[in-house]
Amino acid sequence: MNAYIEEILETVKTKNPSEPEYHQAIHEVLESVSLVLEQHPEYLEAKILERLVEPERAILFRIPWVDDQGAVHVNRGFRIEMNSAIGPYKGGLRFHASVNLGILKFLAFEQVFKNSLTTLPLGGGKGGSDFDPKGKSDAEVMRFCQSFMTELCRHIGPNTDVPAGDIGVGAREIGFLFGQYKRIRNEFTGVLTGKGLNWGGSLIRPEATGYGSVYFAAEMLATRGDSLEGKSCIVSGSGNVAQYTVQKITQLGGTALTMSDSNGHIFDPEGIDEDKLQFVMALKNQRRGRIEEYAEAYPDTIYTPTDYSEDSNPIWDHKADCAFPSATQNEISGKDAENLLKNGVFLVCEGANMPTSPEGTHLFLDSSILYGPGKAANAGGVAVSGLEMAQNSMRFSWSREEVDHRLRQIMKNIHTSCVEAADRYGSKGNYVNGANIAGFIKVADAMMDQGVV
Ligand code: NDP
């Protein structure tokens, strides 16, 4: 890595201590971008990189709320408005106990390049809270969402910043958040995406991230004259992204063998077919139970709890062809990556954001496997959010087939952009460099056009 990039990284670390995920995300992007700097000295003079690593705005606020017993709780809320060079800030809200400033800054930073790759006019942002919806009643989640939106509503708007869901924020939470925005602002507008179908949502938005990830995998396989037909797949997570990843794998002729949550994973040697997936959807989306219950319902399945004191997770130690990490950041350690390669996995497609540790990423890049990084592979979610915004502006809805067709085309275009950028800057077949460079150039050029702002 060149000295200029090293210096920026050191400054980021000094200015943003205790934010390892943010450092990790910046490190990876700048490592790729260093390949283009020689041909673009103008970016150096305009301090594009120094500006990119500094959020345009970071909002931090208090969220007081009352539980069903009348006890008062206080959580912390955030919205990181990272970069608006190519459109209004866009990115999800995450409700999870692990949320902090560094995690949301890493996610907002990734979002800038991901949104650029979609070809839609979307800037990058991310937000959320350290509130944990697990074990809370619907009424508690509603009161929390209302308190969260009471502050957030003054910072967002359909032409300013348009949040969506992420971990812990699904259809239920988006409904409560939208209701409170509408009540306070007295306007019915496309200020959030992932809305319900009968009040402004888009068909295929729930499916989009998972379907898009599998479409991206299909594109990668096609470069080797292959397809998902007959492939065995490891999928992690059991939330929104994992569910629709499993569904699309099955539809394209593959077999999903595993799903997980933060307590452990199930391995079903027969595969998770559509009926079993419906069981998981009811378990996770309605009953809000644990994945362990799958093994009680389907006795041929093996449930293994996760032991976080170990340096590897047994979910990544099954024989398979493909892996779709779809739960959370850094879920694949260096040891897990070794296990995947040892077991014959030749495609890794990241539904989650930054699920692979730096050690794992280097192992994948040094091998000859097909490795699709999250900012390209999981861009289908935000892409259909962009389509939801377009439909809201037109006050018109496209059919399921129309949106799915557009999603498939966007994933194909993202794949082509990654391949071409990697080729052009001397790292053929490296989707990490391809995605970072293609995403970066469009944002950097827009920043050049708009002056020093
Ligand atoms: P959900 O909340 O629907 O599901 C998250 C899943 O991951 C759950 O099974 C959850 O288990 C598991 N999980 C969460 N945190 C951890 C952890 N620390 N360790 C182990 N497992 C964990 O979220 P999504 O499916 O929406 O998001 C999954 C990933 O995909 C995230 O990285 C997100 O940023 C990314 N993503 C999501 C998009 C979307 O449209 N939703 C778009 C692009 C990326 P448990 O229930 O036990 O917490």
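None of these values were measured; they are calculated from a predicted model.

Rules behind the numbers
Residues numbered from 1 in each chain as written. Predicted model: local features only at pLDDT ≥ 70, side-chain atom pairs only at ≥ 80, totals over all residues. Heavy atoms only, no water. Pairing = 2+ DSSP bridges. Helix = DSSP H or I, 4+ residues; strand = E, 2+ residues; numbered from the N terminus. Contact = heavy atoms within 4.5 Å. Axes fitted to C-alpha atoms, helices over the stretch in contact; angles between N-to-C directions. Domains from an automatic or database assignment. Buried area = accessible area lost by both parts, 1.4 Å probe. Salt bridge = Lys/Arg side-chain N within 4 Å of Asp/Glu carboxyl O. Parallel < 35°, antiparallel > 145°, perpendicular 65-115°, else oblique. Nonpolar A, V, L, I, M, F, W, Y, C, P; charged D, E, K, R; others polar. Expected span 1.5 Å × (residues − 1). Buried < 20%, exposed > 50% of the residue type's maximum accessible area, 1.4 Å probe, protein only. Polar contact = N/O pair within 3.5 Å; in protein donor to acceptor, adjacent residues only side chain to side chain.

Undergrad: Looking at this structure, how should I read the sheet that holds strand 7 (residues 255-256)?
TA: Consider a sheet: its strands pair through backbone hydrogen bonds, and that pairing is either parallel or antiparallel. One open sheet holds the five strands; their spatial order is 7-6-11-12-13, and the pairing between them is parallel. Whereas interior strands pair on both sides, the edge strands pair on one side only; in this sheet they are strand 7 and strand 13 (370-372). In this structure, strand 6 (residues 232-235) lies alongside strand 11 (residues 322-324), joined through three bridges in parallel fashion. Bridge assignment links Cys233 to a residue of strand 11, and that residue is Cys322. Relative to strand 12 (residues 347-349), helix 8 (residues 205-222) is tilted by about 150 degrees, and along the sheet it contacts strand 11, strand 12 and strand 13.

Undergrad: Would you explain the domain arrangement of the protein in this entry?
TA: Put simply, an interface is often sized by how much accessible area is lost when its parts join up. Annotation of the protein at the domain level lists domain 1 (55-189) and domain 2 (208-377). With 13 residues of domain 1 at the contact, the number on the domain 2 side is 11 residues. Between domain 1 and domain 2, roughly 1000 Å² of surface is buried when both sides are summed, and carbon and sulfur atoms account for 51% of that area. In terms of surface lost to domain 2, no three residues of domain 1 exceed Phe106, Glu110 and Lys114, which account for 44% of the buried area on that side. Along the contact surface separating domain 1 from domain 2 lie one salt bridge. Between Glu110 and Lys375 there is a salt bridge, with its nearest N and O atoms 3.3 Å apart.

Undergrad: Would you mind showing me how to read the packing of helix 16 (residues 400-424) against helix 17 (residues 431-449) here?
TA: A pair of packed helices can be characterised by two numbers: the angle between their axes and the separation between those axes. It is at 7 Å that the axes of helix 16 and helix 17 come closest, and there the two elements cross at 100 degrees. Comparing the axis directions of helix 16 and helix 17 gives the class roughly perpendicular. Listed contacts from helix 17 to His415, Ser417, Cys418, Val419, Ala421 and Ala422 of helix 16 are Tyr431, Gly434, Ala435, Ile437 and Ala438. In terms of residue class, the contact of helix 16 with helix 17 is made up of eight nonpolar, three polar and no charged.

Undergrad: I tried to follow the environment of Leu283 on my own but got confused; where do I start?
TA: Of note, Leu283 is situated in helix 10 (residues 274-286). Expressed as a C-alpha distance, the spacing of Leu283 and Ser238, which sit 45 residues apart in the sequence, is 9.6 Å. The residues touching Leu283, leaving out its near neighbours within four places in the chain, are Arg288, Gly289, Arg290, Ile291 and Glu293.

Undergrad: Would you take a moment to explain helix 7 (residues 171-185) for this structure?
TA: Along an α-helix, residues three or four positions apart point the same way, because every turn accommodates 3.6 residues. With 15 residues, helix 7 should cover 21 Å at 1.5 Å per step; its first-to-last C-alpha distance of 21 Å lies within 8% of that length. Turning to helix 7, its buried residues number three or more, namely Arg172, Glu173, Ile174, Leu177, Phe178, Gln180 and Tyr181. Immediately beyond the C-terminal end of helix 7, within one or two residues, lies Asn186, with a positive phi of roughly 55 degrees.

Undergrad: What is the right way to read the side chain of Ser236 from this model?
TA: As for its position among the elements, Ser236 is in the loop between strand 6 and helix 9 (240-251). At 2.9 Å, the side chain of Ser236 and the backbone nitrogen of Ser326 are in polar contact. In this structure the side chain of Ser236 is engaged in a polar contact, spanning 2.7 Å, whose partner is the side chain of Glu331. Not counting chain neighbours up to four residues away, the residues in contact with Ser236 comprise Ala242, Ser260, Ile315, Trp316, Phe324, Pro325, Ser326, Ala327 and Glu331.

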